[in-house]
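Structural overview
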Amino acid sequence: MTTATTDASADLTKKTFRRRLEDFGRYIRRNPSLGVGIALLASLLLFVIIGYATYEVERFRPLSGGPDLAPFEPDPYNPGTRDGGYILGTDRQGRDVMSVMIAGIPLTLQIGLIAGLIGISVGTILAFVAAYYGGWVDQVISTIVDVGLTIPGILILIVIAVNIQSGLSVQQMGLAVSAVAWVWPARTIRAQVLVMREQLYVEIARLSGTSGFSIMFKEMLPNLAPYIGASLVGSVASAILASVGLEALGLGPFDSPTLGMTIYWNIQFSSILHGMWWWFGPPILVLAMIFVGLFLITAGLDEWSNPRLRKRV
Amino acid sequence: MTFRDILASIYTNYIFRRFLFFLLIIWIASTAIFLIPRLSGQDPVKEKLLLEAQRGGHMQAGLEEMAAEYSRKFGLDKPLLVQYGNYMADLFRFDFGPSIAYFPKSVNSLIGDSVIWTFGLLAVCTFIAFFVGTIAGALLGWPKSPNFLQYIFMPILTLAAIPYYLLALVLIYIFAFNLDWFPLFGGYAVATLPEWSFNFAWDVVHHAVLPASSIVLASLGFWALGMRGMMVTNQGEDFMIAAEAKGLRSIRLFFNYAVRNAVLPQTTALALSLGTVFTGSVLVEVIFRYPGLGNTLYQAIKLNDFFVIRGMIFIVIVTLGLATFIIDVTYPLLDPRVSYKKGS
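Because the structure is a prediction, the values reported are computed rather than measured.

Turning our attention to the overall build of chain A. Of the regular secondary structure elements, chain A holds 11 helices and zero strands. Moving toward the C terminus, one meets the helices and strands of chain A in the order α-α-α-α-α-α-α-α-α-α-α. Dimensions of chain A along its principal axes, counting C-alpha atoms only, are 80 × 65 × 45 Å. Sorting the 313 residues of chain A into buried and exposed places 49% on the buried side. Long-range contacts, defined as pairs at least 24 residues apart, comprise 71% of the intrachain contacts of chain A with a sequence gap of at least 6. For chain A, the accessible surface area stands at approximately 15100 Å², while carbon and sulfur atoms represent 66% of it. Averaging the locations of the 22 positively and 21 negatively charged side chains of chain A gives two centres separated by 11 Å.

Looking now at the overall build of chain B. Helix and strand content of chain B: 13 helices and zero strands. Mapped in sequence order, the helices and strands of chain B form the string α-α-α-α-α-α-α-α-α-α-α-α-α. Counting across all 344 residues of chain B, residues that qualify as buried make up 47%. A sequence separation of at least 24 residues applies to 73% of the contacts in chain B between residues at least 6 apart. Summed over all atoms, the accessible surface of chain B reaches about 17800 Å², with 69% contributed by carbon and sulfur.

Residue and element names in this part refer to chain B. Residues Val124, Phe127, Ile128, Phe131, Val132 and Ile135 make up a contiguous nonpolar surface patch of about 560 Å² in total accessible area. Tracing the chain through its elements places Phe131 in helix α6 (residues 107-140). When its relative accessible area of 49% is taken as the criterion, Phe131 is described as partly exposed.

With that settled, the discussion passes to unusual backbone geometry. Residues and elements named next belong to chain A. Residues other than glycine seldom take positive phi values, yet Phe72 does so here, at roughly 65 degrees. Assignment of secondary structure puts Phe72 in the loop between α2 (32-54) and α3 (97-133). Of the residues examined, Phe72 reaches a relative accessible area of 54% and is grouped as exposed. Positioned with a positive phi, Ser270 is a non-glycine residue whose angle comes to about 45 degrees.

The subject of this paragraph is the side chain of Thr118(B). Here Thr118(B) shows up in helix α6. Setting aside residues up to four positions removed in sequence, Thr118(B) forms contacts with Phe278(B), Glu285(B), Gly292(B), Leu293(B) and Gly294(B).

As enumerated under the stated definition, the model contains 26 aromatic pairs over all chains in all. Both rings, one in Phe213(A) and one in Phe217(A), keep their centres 5.0 Å apart while their planes meet at 50 degrees; by these two values the pair is tilted. In this pair, Phe213(A) and Phe217(A) both sit in helix α9 (residues 212-248), four residues apart, roughly one turn of the helix. Both rings, one in Phe280(A) and one in Tyr173(B), keep their centres 4.8 Å apart while their planes meet at 65 degrees; by these two values the pair is edge-to-face. Of this pair, Phe280(A) sits in helix α11 (residues 277-305) while Tyr173(B) sits in helix α8 (residues 164-178), placing the two residues on different chains.

On to empty space enclosed by the protein, then. All names here are of chain B. Enumeration over the complete set of coordinates arrives at three cavities of 30 Å³ or more. Considered as a void within the structure, the second largest cavity measures approximately 50 Å³ in volume. Sorting the residues of the lining of the second largest cavity by element identifies α6, α7 (148-159) and α9 (198-235) as the ones contributing at least two each. The element that contributes the greatest number of residues to the lining of the second largest cavity is α6, accounting for four residues. Broken down by class, the residue content of the lining of the second largest cavity amounts to eight nonpolar, one polar and no charged.

Of the residues lining the interface, 44 residues belong to chain A; the matching set on chain B comes to 51 residues. For the pair chain A and chain B, the two sides together bury roughly 4100 Å², of which 81% comes from carbon and sulfur. Connecting chain A to chain B are one residue pair in polar contact (both at pLDDT 80 or more). For the side of chain A that touches chain B, the secondary structure elements donating two or more residues are α4 (135-150), α5 (153-164), α9, α10 (259-268) and α11 of chain A. A class-by-class count of the residues in the side of chain A that touches chain B yields 32 nonpolar, 10 polar and two charged.

For the rest of this paragraph, the subject is the packing of helix α7 (residues 183-197) of chain A against α9(A). All names here are of chain A. Their axes nearest at 11 Å, the elements α7 and α9 cross at an angle of 160 degrees. The pairing of α7 with α9 is recorded here as roughly antiparallel in orientation. Considering how the two elements wind past one another, α7 and α9 form a crossing that is right-handed. Judged by residue contacts, Pro185, Thr188, Ile189, Gln192, Val193, Met196 and Arg197 of α7 engage Met220, Asn223, Leu224, Tyr227, Ile228, Ser231 and Ser235 from α9. Its residues assigned to classes, the contact of α7 with α9 shows eight nonpolar, five polar and one charged.

Attention now moves to helix α11 (residues 250-288) of chain B. Residues and elements named next belong to chain B. Look at α11: only 45 Å from first C-alpha to last across 39 residues, short of the 57 Å you get at 1.5 Å a residue. The largest bend along α11 reaches roughly 40 degrees and is located at Val259. The positive-phi residue at the C-terminal boundary of α11 is Arg289, with phi of around 45 degrees.

Rules behind the numbers
- Residues numbered from 1 in each chain as written.
- Chains lettered and ligands numbered in written order.
- Predicted model: local features only at pLDDT ≥ 70, side-chain atom pairs only at ≥ 80, totals over all residues.
- Heavy atoms only, no water.
- Helix = DSSP H or I, 4+ residues; strand = E, 2+ residues; numbered from the N terminus.
- Buried < 20%, exposed > 50% of the residue type's maximum accessible area, 1.4 Å probe, protein only.
- Contact = heavy atoms within 4.5 Å.
- Areas by Shrake-Rupley, 256 points an atom, 1.4 Å probe, with all protein chains shown as cover.
- Lys, Arg positive; Asp, Glu negative; His and termini not counted.
- Charge placed at Lys NZ, Arg CZ, Asp CG, Glu CD.
- Patch = residues over 30% accessible without salt bridge, like charges linked within 9 Å, V, L, I, M, F, W, Y side chains within 5 Å.
- Salt bridge = Lys/Arg side-chain N within 4 Å of Asp/Glu carboxyl O.
- Phe/Tyr/Trp six-rings, centres within 6.5 Å; stacked < 30°, edge-to-face > 60°.
- 1 Å grid on protein atoms, 1.4 Å probe; cavity = no way out; pocket = protein on both sides within 12 Å on 5 of 7 lines; lining within 4 Å.
- Points joined across faces, edges and corners; volume = space filled by probe spheres on them.
- Nonpolar A, V, L, I, M, F, W, Y, C, P; charged D, E, K, R; others polar.
- Buried area = accessible area lost by both parts, 1.4 Å probe.
- Polar contact = N/O pair within 3.5 Å; in protein donor to acceptor, adjacent residues only side chain to side chain.
- Axes fitted to C-alpha atoms, helices over the stretch in contact; angles between N-to-C directions.
- Parallel < 35°, antiparallel > 145°, perpendicular 65-115°, else oblique.
- Left-handed = near helix turned anticlockwise from the far one by under 90°.
- Expected span 1.5 Å × (residues − 1).
- Bend = angle between axes of the 7 residues up to and from the residue.

Right, here's the structure in full:
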């Protein structure tokens, strides 16, 4: 009896899972930018996973091999063992570029996720407080947000990074970037809350004596979750943009092989003037894939969370 | 009219409110620049001086003089509030002190040398990107435009997601390193001195093509996407239906009805985009070793020249705030629906 029911329920979940997958597939076909974006990021993640499983990622450190080796060029510093060279060659300081890519992608994504998550959380809280309470609270928060939008965040980040400098870690980098990552979410989510505040169910909750706190976080927040999820992708993208920019300026974690630091070393050693395409090519390609992927996912999620945008032309 | 009424009417005045906002931007930004170094507990200026003292070298001569100037200027023994007051007074007079790395050259003269290059480059780039991007977006958002446009412009739109400097690296490799069509770096040929002549002007243009292309290509998409969105929104509006019902020619509908209304919000976006364009172009200048503000900022970061970093960031923020103020104030002239009187 029990086995029968578990079988049946397993069958049911299998079906619904399959159904869900089919539904998702159908939706992706209507919303190709979401699909392409997810595919771009998924292929990068797959690359990292396979890389960690099969490649010697440890060679991201300097002096792991001879310097300036083109792909598959025999390594004169490790004769006998490294006659086949390295798949993507080495950089000026003897890092294996392939290892740098495998180790660098998750580090860069990690900075983006830390900053994006903090940014969106702080932004959401500020947006709810401002829009729900209104009055002078709203005025103060909105004015600060407006000022923050006019001042380019990266300039403030440069001042912060110049002053921390000594031995920034990847996590600290994420924290630093989050200092300016809350501004844009705070503004856009506030606008959404303002619209939502006027809706009937909020009115009813207020009339029935629910506290402001639980109206905000139990009634309105779940309804805004899709929108907040969509803005999370956007703020992860801008956090990565800011962090890579800072790193390329030489204000990043020097001992970590993030993608931005790889760009920095490329600029520092003029790899282009030496024609070392295997060194500057991979980080450019990977960063382009990350940015375009996140951009397409944001556009796709926008359409999903905001049905008014759905294909009007 | 009592005095209080006059005060009230001044306060509700649109221009006055925008001006207050402009002052607020400068105040918040300069306070942040003042507080961040003190919160971090480190003193980049002192550290730099110590570092140079340990190294000896060419800096030795100015060191004592600088240390004296430094402690006199900032009165480090004084309470924080007095330091803050002095700092604000200096900023107000646009006195950012001497550069540490190029002492006794002042921060102002360092910035003055490079500002014209950045201004020229960015003004041209922004104009081209705004113009071309807006037209592309208008065509993309117009139902009657031919289908092949989609295929031409869509790849360019995705470039909007890519930072300028990545594109700059690709362009420099293809067109300067491999094809040798354009110079690899600099604002003008190494052997020449800036002068007012046709040859020099041509040289400057030749050097600017690649940096400008990377900025224009990567920022086109921003304008095109915004414009397309507005065109699509306008499509269902009553005035469009009325104009169509009148039997107006398609080209007239496009320019005089759809584009004319859709282009207004683009000008507001212009104010917000200026900051992005500047910060985006910093690394482009670094990659091309273009003699502009971005490169000076990069050198200052490398040499830990805190006064230059601080002065430049302050000036850039003032410029952006001022540009935003001007665009905000002129906006009601462009769009009669927004009036000066209503407040924000």
